[in-house]
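# Coordinates in review
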Amino acid sequence: MGSVSRTFALTIPLLPPDIEIVVGNTYLLCRIVDTIEDAADLSPQIKQDLSKLFLDAVLEKSPVETFVEPCLTHLRHYGNSDELDLIANTPTVLRILHTCSANDQAAVSRCVSIMSEGMSRFHGKQNEAGLKNLTEFEEYCYVVAGVVGELLTTIFSNHSQAFTKNIVGHEELAIAFGQALQMTNILKDSPEDKARGVSWKPANMSQTTLLAIAYDKLKDSLNYILLIPKTDLGMRRFCFLAFGLAVMTLSKIAKRDKFNCKDEVKLSRKSVMAFYAFTKVAVNSNLLMKVFFQVYAKPLRTAVSKS
């Protein structure tokens, strides 16, 4: 899920209480997967081993302690104490998961399985040149974020009959929604990734080309959000907030030929809070959401049109 999960942390409280528990729990589980990936001093093999132990614990194939103890040992020099505390509390996170419905638990287990196994495959592909090609890039974005879009669709469908009806035949839009958010973070974080000798972008592909791909996925993302009934405003606002922040971030990136750190394209707290307030009104109107995209994605469209 990468940095996508950090965006969802802001948006999760907007969801209805029963969905908030499931999605919030998934967020914590994905943060654990992210922590393993972010540990720069661990070898790809150790990351794969820890990911396997974690997945076995989630799927109840082995006691959770068989993951927690070796993980904390390997991460004893890891700098983020909050993430280490989360790993220590994995048993509590899993207990909460097991209070959810069987259908919701199955959806979470599927998401975590695909993400954990997928990220394990990519642990050994980290290098400065980037991923092999666009196909591999799309696969990476799927296993870390597209699958989250699928999870949300399943959870929303479990709790909203109207959404279940609307989404039929449009399921692929959910993948685009997750991938658009992940592409935003890959582009935003690229200077820092480069500094540590890693690139998640396709090798030899220009920023403009990637922005064009992201723009197409944003269009699909908006269509996905429009399928959420207005009666499910919490679900709508949850998705529209994450979507809008991605739109504004990519538009800032599109205005620059290059940037040296993510802070240069980071949205100000004032901008985030202003948009947060705007979403409360916007989600009541399909037209208003479309107008937002038309206006705020203009720098992105301009950059893409020049490619």
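Heads up: these notes are all about the structure in this document. (Residues numbered from 1 in each chain as written. Predicted model: local features only at pLDDT ≥ 70, side-chain atom pairs only at ≥ 80, totals over all residues. Heavy atoms only, no water.)

### A look at unusual backbone geometry
- If you check the backbone angles, E60 has positive phi at about 60 degrees while not being a glycine.
- Of the residues examined, E60 reaches a relative accessible area of 57% and is grouped as exposed.
- Non-glycine residue N204 carries a positive phi angle of around 60 degrees.
- Summarising the element assignment, N204 is placed in the loop between helix 10 (172–195) and helix 11 (207–226).
- Overall, N204 belongs to the exposed group, its relative accessible area being 85%. (Buried < 20%, exposed > 50% of the residue type's maximum accessible area, 1.4 Å probe, protein only. Helix = DSSP H or I, 4+ residues; strand = E, 2+ residues; numbered from the N terminus.)

### Things to note about helix 10
- Taking 1.5 Å of rise per residue, the 24 residues of helix 10 would be expected to cover 34 Å, and the 34 Å separating its terminal C-alpha atoms lies within 8% of that figure.
- Note on helix 10: the residue one or two positions beyond its end, G197, has a positive phi of about 80 degrees. (Expected span 1.5 Å × (residues − 1).)

### Notes on the layout of surface pockets
- Looking at the second largest pocket, its volume works out to about 370 Å³.
- Along the walls of the second largest pocket sit 18 residues, with S190, P191, K194, S199 and K201 positioned nearest its centre.
- Ranked by residues supplied to the lining of the second largest pocket, first place goes to helix 10 with 4 residues. (1 Å grid on protein atoms, 1.4 Å probe; cavity = no way out; pocket = protein on both sides within 12 Å on 5 of 7 lines; lining within 4 Å. Points joined across faces, edges and corners; volume = space filled by probe spheres on them.)

### Describing the pattern of salt bridges
- Scanning the model with the defined rule gives 12 salt bridges in all.
- Between E136 and K125 there is a salt bridge, and its shortest N-O distance comes to 3.2 Å. Residue E136 is found in helix 8 (residues 134–159), and its partner K125 is found in the loop between helix 7 (102–123) and helix 8; the two are separated by 11 residues along the sequence.
- With relative accessibility at 11%, the residue E136 sits in the buried group.
- Salt bridges linked by common partners bring R31, D34 and E83 together as one network. (Salt bridge = Lys/Arg side-chain N within 4 Å of Asp/Glu carboxyl O.)

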